[in-house]
Amino acid sequence: MNNEVHFKVAIIGGGPAGIGAAVGLAKRGVGPVILIERRGEVGGTPMGYRKKPGGVPTFVEWTRGRVVFGEELAGRLTKRLAQTGTTIRLSTQVTKIYPAEKRLTLLGPEGLEDILVDAVVLAAGAREQTPAEKGWLAGARTARVGFTRHVTGWLDRHGLLPARKPIVVGSDLIAYSAAAKLCALGSDEPVMIDQRRSPEASFFERLFFRRWTRPDWSGGVSTVEIKGHGSPTHLESSNGREWQGDGVIICGQLVPNTELALMAGMAVDLPSRQLQLARGQTLSQPGWFAAGNVLGGFHGAQWCYFNGCSVARSVARFL
Amino acid sequence: MTQFGTWQPKIRGRLYYNWPRGTCEEALRFTGSEQLGLEPYDLVIIGAGVVGCGLAYQLSQYELRVLLVDRLHDVGEGTSKANSAIIHTGYDAKPGTLESELLQEARAAWPDLAARLKIPVDPIGGIMLAVTDEQERQLVAAEKNAHANHATDVRILSAAEIREREPNASPDVRGGLLVPGESLGDPFMASIAYAEVALANGVDILLGTGIAGVELGQAPGAPLHHLVTDDGHRLPARRIINAAGLGSRRLADGYGGGAFDINPRRGQFVLFDKCARSLVRHMLLPMPSAHTKGVLVSPTIFGNLLAGPTAEDLPLGDPEATHTTVEGIRRVMEGGSRLVDGLAQQPVIATYAGARCSCNQGSYVIRYNDGAPGVVTVTGVRSTGLTTSNSLARHLVDGMQKELGLELSSDTVALDARPESAWPGWWRRPFEDRPPDARADHGCAVCFCEVISEGEIRDALDSPIRPRTMDALKRRTRALMGRCQGFDCQVPLAELVSGHTGIGIEQLTNNGPGSELVAPGQAVRPEEVSA
Ligand SMILES: Cc1cc2nc3c(=O)[nH]c(=O)nc-3n(C[C@H](O)[C@H](O)[C@H](O)COP(=O)(O)OP(=O)(O)OC[C@H]3O[C@@H](n4cnc5c(N)ncnc54)[C@H](O)[C@@H]3O)c2cc1C
Ligand SMILES: Cc1cc2nc3c(=O)[nH]c(=O)nc-3n(C[C@H](O)[C@H](O)[C@H](O)COP(=O)(O)OP(=O)(O)OC[C@H]3O[C@@H](n4cnc5c(N)ncnc54)[C@H](O)[C@@H]3O)c2cc1C
């Protein structure tokens, strides 16, 4: 705790946005830079989307005009990161930040450690909204009410289906990609439900996924309850509709991981947890920047990478 | 230096899960009553809720052969896992009742009990808020009632005094009652701590085992009864304590127990993100009605903010007694917003519901030699069972001495405490004062939201009541309980559990067989495992 290490810039999160920031800073000769990633590998969300024969590629790589597996995209980014000379801390989480002092507390295999920096890029990504957070989904608390992250975790790491008869809640790109993955690897055609009247994913996005899935779509649902004991058996809506299934996948509606900033008193809107940003993606405290999916909403991985690169410019200017 | 969450006592009792092959280690698997020894039990407690566990702990202080049995897959997994988690002072109880007496006894005993058993408790105090003129007029009577319950530190606060203490209290607040002794507790750790010490002292624990009925012994005097499990095993018992909560009526029917009617009174809750914790300083309580204590807004001991519960009477046996409803959640938000300004803007992370065992004969119905000699029924422990778990157990042990002729001789080597190392890691962070022999896995977080390390998960898996479901693990460690609700950590956690216990990852469950994490009946493809 006592002998604090100093870095010029700290990047919180080693996903596409964090990697982009590291690459951008290196290009501008800013250093030393430390990138802190709480998982055992860099690459962020796309890294969990393994390349598999018969699998479904879901990441658009605009620069190559192709749709690839997340792992491929993340792998290319990771290689660029390796050439930057950035100090990388894996299995290390930023657990607390002190905005005014620009101090970060890290927890890793060596225990707790504080570092001091001149600027910070928050690139902590986003997560999917919890069922309760939606406000229109209630009922039983059973097993197999999970997220898209669980679909990739179970399928790509273990070859196990999180549901045979899946019910996908949500209808954005993430929901379609989850449905496609499930179908491609052996589930029944998923049921897809949403409060919206028509799917959130665009026509072209849906067209892309038609090769693997044509989900049994129900739009305009009102409030829904999960039924079952131990495991889900079906969903029931307040206007009498019923959908059978043995697993519920809650998709999309990303919530930005801004709680570090929120808990440290920086300006964050509630209940959305959207950061209040100034020019150059600056947070309410000078010297603090944000990039990627932590900005809120849904952004593609390559967009997040370039966003990280461009934030590096603002950081360099600040320094 | 202490490594928290690493208590591994010498265990004299036996622990079994009545689970299919492959779902837990063979050494933990129940296959037949001969595993439990041939001697009949002096006492069998049906129901390992906080009442049954509290009683098992108390009985474990004596030389007795005791079995604690539950149909669920961990201790404290029924009503005891879903409540407001308040250690009540009993200021609002009806004076002169058994409930009031047990609450008063509990109030005096909790600080020592919590310190001995390492149950996290935080005495933050409560304020009962009057938000209408009529409620304001009721404050005087409420204060008098509190003083009649010997809660002499309870006093009326003016609206201004409340505002000073609670800047976010609703602008409608007219006044209130300060209840300094109300405390937050860890609802899970109470059952777990009791059961761990009981197990260490030689109480046998059988989980995943429903009791279908009782075969009453016919011999005069002290007959030998048998419990029959759902899957047909017979367990011999000289005395039986029915502490089965909402299952108590059905069991009592099987041994001809006296008249009482129970039904689940559902209570729904909304759990807010930790960022909402700073909204309040005390637990803020509504003025109670004849039916219920009403919707309160309180911090939890874990650092979240909680609003609830509702009070909805449902028929006995209703499978949805612990389901939430959109309407119920709306009412909780509405009730909470009457007390606290800005509650509706706070991010929600989860909702849950618990089912009180509401009894038409009032709270705390206790019957000795109920239907047959040696059979005890304890039911209707509706709203205060966490608080009274130890005072009720003492009361029951006294009662059994008098009414059943139970003879007690102290077990001189029995533990009555857990050591410092039993504090859960989330409460006393294991990595904050790192001992020189620290393990690196105590620094690697697996649950990012609650910052729970891989080491803490392994330690919990090795704790006395070997938890073998994800829910059992989360109640001990807080993994999966944070703002992402398992988004990031479910799969890595399952990998960790499977790796540490040898249970196939496809066999792991949320809360016992029938709640598998992945669609059941899949075999892991070997090439995936090595990848
Ligand atoms: C569930 C989900 C599914 C998606 N599916 C698709 C898809 O199919 N196709 C597609 O094109 N896009 C998809 N996206 C979007 C895509 O993943 C993002 O555009 C991109 O990964 C965002 O990059 P990022 O760096 O902002 O965040 P992430 O890739 O999420 O990276 C954030 C990183 O920060 C780390 N981190 C967070 N907090 C801390 C901390 N306190 N300390 C240390 N490290 C921390 C995390 O571990 C993570 O590695 C999906 C996103 C999500 C959430
Ligand atoms: C909404 C709500 C809020 C509450 N708030 C508080 C509070 O703030 N403070 C407080 O002190 N108390 C509170 N309580 C009350 C407290 O939770 C209960 O009094 C207590 O949990 C009751 O414990 P129990 O052991 O009687 O019941 P349970 O925990 O239900 O235990 C009974 C056990 O018996 C088992 N069982 C049933 N039938 C069988 C069978 N046939 N075979 C084998 N096992 C069987 C069940 O599986 C269960 O585990 C609250 C309760 C609710 C619902």
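Only a predicted model underlies this, so the values are computations on that prediction, with no experimental measurement involved.

**Q** Looking at this model, I keep getting lost on the overall build of chain A. Mind explaining?
**A** Counting secondary structure elements, chain A contains eight helices and 20 strands. Radius of gyration (C-alpha) of chain A: 21 Å, near the 20 Å computed for a compact globule of 319 residues. Here the contacts in chain A between residues at least 6 apart in sequence split such that 63% fall between residues at least 24 apart. Charge-centre separation for chain A: the mean point of 38 positive side chains lies 6 Å from the mean point of 27 negative side chains.

**Q** Looking at this model, I keep getting lost on the sheet that holds strand β5 (residues 121-122) of chain B. Mind explaining?
**A** Across a sheet, paired strands are connected by hydrogen bonds in the backbone, their directions being either parallel or antiparallel. Residue and element names in this part refer to chain B. Taken in spatial order, the three strands line up as β4-β9-β5 in an open sheet, and their pairing is antiparallel. Because the sheet does not close on itself, it has two edges, and the strands there are β4 (86-87) and β5. Strand direction decides the pairing type here: β4 and strand β9 (residues 183-185), joined by two bridges, are antiparallel. Counterpart to I86 in the pairing with β9 is L184.

**Q** How should unusual backbone geometry be read in this particular structure?
**A** Note on backbone geometry: most residues besides glycine have negative phi, and most peptide bonds are trans. Of note, the bond from A:L270 into A:P271 is cis; its omega dihedral lies within 30 degrees of zero at 0°. Within the secondary structure layout, A:P271 lies in the loop between α7 (259-263) and β20 (288-290). In this structure, A:S91 is a non-glycine residue whose phi angle is positive, near 50°. Mapped onto the elements of the fold, A:S91 is located in the loop between β5 (87-89) and β6 (93-98). With relative accessibility at 23%, the residue A:S91 sits in the partly exposed group. Here the phi dihedral of B:A85 falls at roughly 60°; this positive angle occurs in a residue that is not glycine. For B:A85, the location among the structural elements is in the loop between β3 (66-69) and β4. Exposure remark for B:A85: the relative accessible area of 13% places this residue in the buried category.

**Q** Would you mind going over the state of the cysteines with me for this structure?
**A** In a disulfide, the sulfur atoms of two cysteines are covalently bonded to one another. All names here are of chain B. As enumerated under the stated definition, the model contains zero disulfides over all chains in all. For C444, which is in no disulfide, the shortest distance to another cysteine sulfur is to C447 and amounts to 14 Å. Take C489: it sits in no disulfide, and the sulfur closest to it among the cysteines is that of C447, at 4.6 Å.

**Q** What am I meant to see in the domain arrangement of chain B here?
**A** A common measure of how large an interface is: the accessible area buried when the components associate. Residues and elements named next belong to chain B. The domain architecture assigned to chain B consists of domain 1 (13-22 + 41-120 + 185-261 + 360-420), domain 2 (126-180 + 263-358) and domain 3 (424-530). Once you take the C-alpha centre of each, domain 1 and domain 2 turn out to be 29 Å apart. Between domain 1 and domain 2, the residue contacts involve 31 residues of the former and 30 residues of the latter. Overall, the association of domain 1 and domain 2 removes approximately 2400 Å² of surface from exposure, summing both partners, and the carbon and sulfur fraction of that is 63%. On the domain 1 side of the interface with domain 2, the three residues burying the most area are Y91, L246 and R382, jointly 33% of the side's total.

**Q** So what exactly am I meant to see when it comes to the site of ligand 1 here?
**A** In the vicinity of ligand 1 there are 36 residues, among which A:E37, A:T45, A:T58, A:N293 and A:H299 approach most closely. Neighbouring residues of ligand 1 are not confined to one chain but are distributed across chains A and B. A:I36 has a polar backbone atom sitting 3.5 Å from a nitrogen atom of ligand 1. Protein chains shield 98% of the accessible area of ligand 1, which is 980 Å² for the free molecule. Residue composition of the shell around ligand 1, by class: 18 nonpolar, 14 polar and four charged.

**Q** So what exactly am I meant to see when it comes to the site of ligand 2 here?
**A** Residues and elements named next belong to chain B. Lining the immediate surroundings of ligand 2 are 39 residues, of which D70, S80, I86, V381 and T387 lie closest. Here an oxygen atom of ligand 2 and a backbone polar atom of A85 are 3.5 Å apart. Protein burial of ligand 2: of its 990 Å² of free accessible surface, 96% is covered by the chains. For the shell around ligand 2, the secondary-structure elements that each account for two or more residues are α1 (50-59), α6 (248-255), β15 (262-272), β20 (348-359) and α8 (385-404). Its residues assigned to classes, the shell around ligand 2 shows 16 nonpolar, 18 polar and five charged. Three or more residues apiece are contributed to the shell around ligand 2 by two domains, here domain 1 (13-22 + 41-120 + 185-261 + 360-420) and domain 2 (126-180 + 263-358).

**Q** How should I be thinking about the domain arrangement of chain A in this particular structure?
**A** Residues and elements named next belong to chain A. Along its sequence, chain A is carved into domain 1 (5-127 + 254-318) and domain 2 (130-250). Relative to domain 2, the C-alpha centre of domain 1 lies at a distance of 29 Å. Facing the 16 residues of domain 1 at the interface are 16 residues of domain 2. Contact between domain 1 and domain 2 buries roughly 1400 Å² in total, counting both sides, with carbon and sulfur atoms accounting for 61%. The three residues of domain 1 that bury the most area against domain 2 are Y49, K52 and V56, which together make up 36% of that side's buried surface. Run the count over domain 1 and domain 2 and you get one salt bridge. Across the salt bridge formed by E133 and R273, the nearest N and O atoms sit 2.5 Å from each other. In this assembly, domain 1 and domain 2 are joined by three residue pairs in polar contact (both at pLDDT 80 or more). Tallied by class, the residues present in the side of domain 1 that touches domain 2 amount to seven nonpolar, five polar and four charged.

**Q** I keep staring at the interface of chain A and chain B and nothing clicks. Help me out?
**A** Facing the 56 residues of chain A at the interface are 53 residues of chain B. The junction of chain A with chain B conceals about 4600 Å² of combined surface from both sides, 57% of it contributed by carbon and sulfur atoms. The largest contributions to the chain A side of the interface with chain B come from A:R141, A:W154 and A:L160, which together make up 14% of the buried area. If you look at where chain A meets chain B, you find six salt bridges. Here B:E495 ties to A:R157 by a salt bridge, and the two come within 2.6 Å at their closest N and O atoms. In this assembly, chain A and chain B are joined by 18 residue pairs in polar contact (both at pLDDT 80 or more). Sort the elements by how many residues they give to the side of chain A that touches chain B and helix α4 (residues 148-158) of chain A lands first, with six residues. Residue composition of the side of chain A that touches chain B, by class: 21 nonpolar, 18 polar and 17 charged.

**Q** Would you take a moment to explain the packing of aromatic side chains for this structure?
**A** Each aromatic ring pair is specified by the distance between its two centres and by the angle formed by the two planes. Residues and elements named next belong to chain A. For the structure shown, the criterion picks out 16 aromatic pairs over all chains. Between Y305 and F306, the ring centres sit 5.3 Å apart and the planes meet at 65°, which makes this aromatic pair edge-to-face. Note on Y305: relative accessible area 3%, which makes it buried. Residue classification places F306 among the partly exposed positions, given a relative accessible area of 41%.

Quick notes on the rules
- All chains use their own residue numbering, which begins from 1 and follows the written sequence.
- The lettering of chains begins at A and the numbering of ligands begins at 1, in the order of writing.
- Per-residue local features of the predicted model are confined to residues with pLDDT of at least 70, and side-chain atom pairs are confined, for both listing and counting, to 80 or more; whole-chain, interface and lining totals are unaffected and use all residues.
- To obtain the side-chain values, all non-hydrogen atoms of the structure were included, while hydrogens and water were left out.
- Here a strand is any run of E in DSSP of at least two residues, a helix any run of H or I of at least four, and the numbering for each starts at the N terminus.
- Computation of the radius of gyration draws on C-alpha atoms, with the globule rule given as 2.2 Å multiplied by the number of residues to the power 0.38.
- What makes two residues a contact is simply this: any of their non-hydrogen atoms within 4.5 Å.
- In this count, Lys and Arg are taken as positive residues and Asp and Glu as negative ones, while His and the chain termini are left out.
- The atom standing in for a charge is NZ when the residue is Lys, CZ when it is Arg, CG when it is Asp and CD when it is Glu.
- Here, strands pair whenever DSSP counts at least two bridges between them.
- Residue burial is assigned from relative accessible area. The probe radius is 1.4 Å, only protein chains are included, and a residue is buried under 20% of its type maximum, exposed over 50%, and partly exposed in between.
- When two cysteine sulfur atoms lie within 2.5 Å, the pair is treated as a disulfide.
- Note that the domain bounds reflect an automated or database-derived domain assignment.
- A quick way to say it: buried area is the sum, across both parts, of accessible area lost when two parts are put together, with a 1.4 Å probe.
- One heavy atom within 4 Å of a molecule or strand makes the whole residue count as near it.
- Polar contacts, as counted here, are pairs of nitrogen or oxygen atoms within 3.5 Å of one another; within protein the pair requires one atom able to donate a hydrogen and one able to accept it, and residues that are adjacent in sequence qualify only if both atoms are side-chain atoms.
- Shrake-Rupley sampling with a 1.4 Å probe provides the accessible areas, and residues are treated as covered by the protein chains on show and by no other component.
- In this classification, Asp, Glu, Lys and Arg are treated as charged, Ala, Val, Leu, Ile, Met, Phe, Trp, Tyr, Cys and Pro as nonpolar, and every other residue, Gly included, as polar.
- One side-chain nitrogen of Lys or Arg within 4 Å of one carboxyl oxygen of Asp or Glu is enough to make a salt bridge.
- Two rings from Phe, Tyr or Trp (for Trp, the six-membered ring) form a pair when their centres are within 6.5 Å of each other. A pair whose planes differ by under 30 degrees is stacked, one over 60 is edge-to-face, and the rest are tilted.

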